[in-house]
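Each chain is listed here by its residues.
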Amino acid sequence: MIEKKKQLVKLGKALACIGIERESARRDLETLTKQGASYTSPEMLQAVQRFQAAEERWKETEEEYLALRREIVKQ
């Protein structure tokens, strides 16, 4: 049980870090849009890929975190 709780804390920390990265990527997209960057420009495409990658990591980690939390609460 203690190992599961440690893993839950580790996942929580990972979510915090990924959240910061995701928000940074979102801000970059917003900045590029406000600057009038073309949606097909290399900078925009790179920013979109960065955001999508962070978003995917967020979803995967959140899913794992919530599943483990449910498991711990049941015990």
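Quick look at the structure, then. (Residues numbered from 1 in each chain as written. Predicted model: local features only at pLDDT ≥ 70, side-chain atom pairs only at ≥ 80, totals over all residues. Heavy atoms only, no water.)

**Quick notes on the overall build of the chain**
Here comes step 1: Counting its regular elements, the chain contains two helices and zero strands.
Here comes step 2: By principal-axis analysis of the C-alpha atoms, the chain measures approximately 55 × 15 × 15 Å.
Here comes step 3: Evaluated residue by residue, the chain yields a buried proportion of 24% over its 75 residues.
Here comes step 4: For the chain, long-range pairs separated by at least 24 residues make up 75% of all intrachain contacts whose partners lie at least 6 apart in sequence.
Here comes step 5: In the form shown here, the chain has an accessible surface area of approximately 5,700 Å², with 55% of it arising from carbon and sulfur atoms.
Here comes step 6: Taking the 15 positively charged and 13 negatively charged side chains of the chain as two groups, their mean positions are separated by 7 Å. (Helix = DSSP H or I, 4+ residues; strand = E, 2+ residues; numbered from the N terminus. Buried < 20%, exposed > 50% of the residue type's maximum accessible area, 1.4 Å probe, protein only. Contact = heavy atoms within 4.5 Å. Areas by Shrake-Rupley, 256 points an atom, 1.4 Å probe, with all protein chains shown as cover. Lys, Arg positive; Asp, Glu negative; His and termini not counted. Charge placed at Lys NZ, Arg CZ, Asp CG, Glu CD.)

**Observations regarding the environment of Ala-14**
Here comes step 1: Looking at where Ala-14 falls in the secondary structure, it is placed in helix α1 (residues 2-34).
Here comes step 2: In this structure, the C-alpha to C-alpha distance between Ala-14 and Glu-62, residues 48 residues apart in sequence, is 9.2 Å.

**A look at the environment of Arg-69**
Here comes step 1: On the secondary structure map, Arg-69 appears in helix α2 (residues 42-74).
Here comes step 2: Note on Arg-69: relative accessible area 42%, which makes it partly exposed.
Here comes step 3: Each C-alpha atom, one on Arg-69 and one on Leu-8, is 6.9 Å from the other, the two residues being 61 residues apart in sequence.

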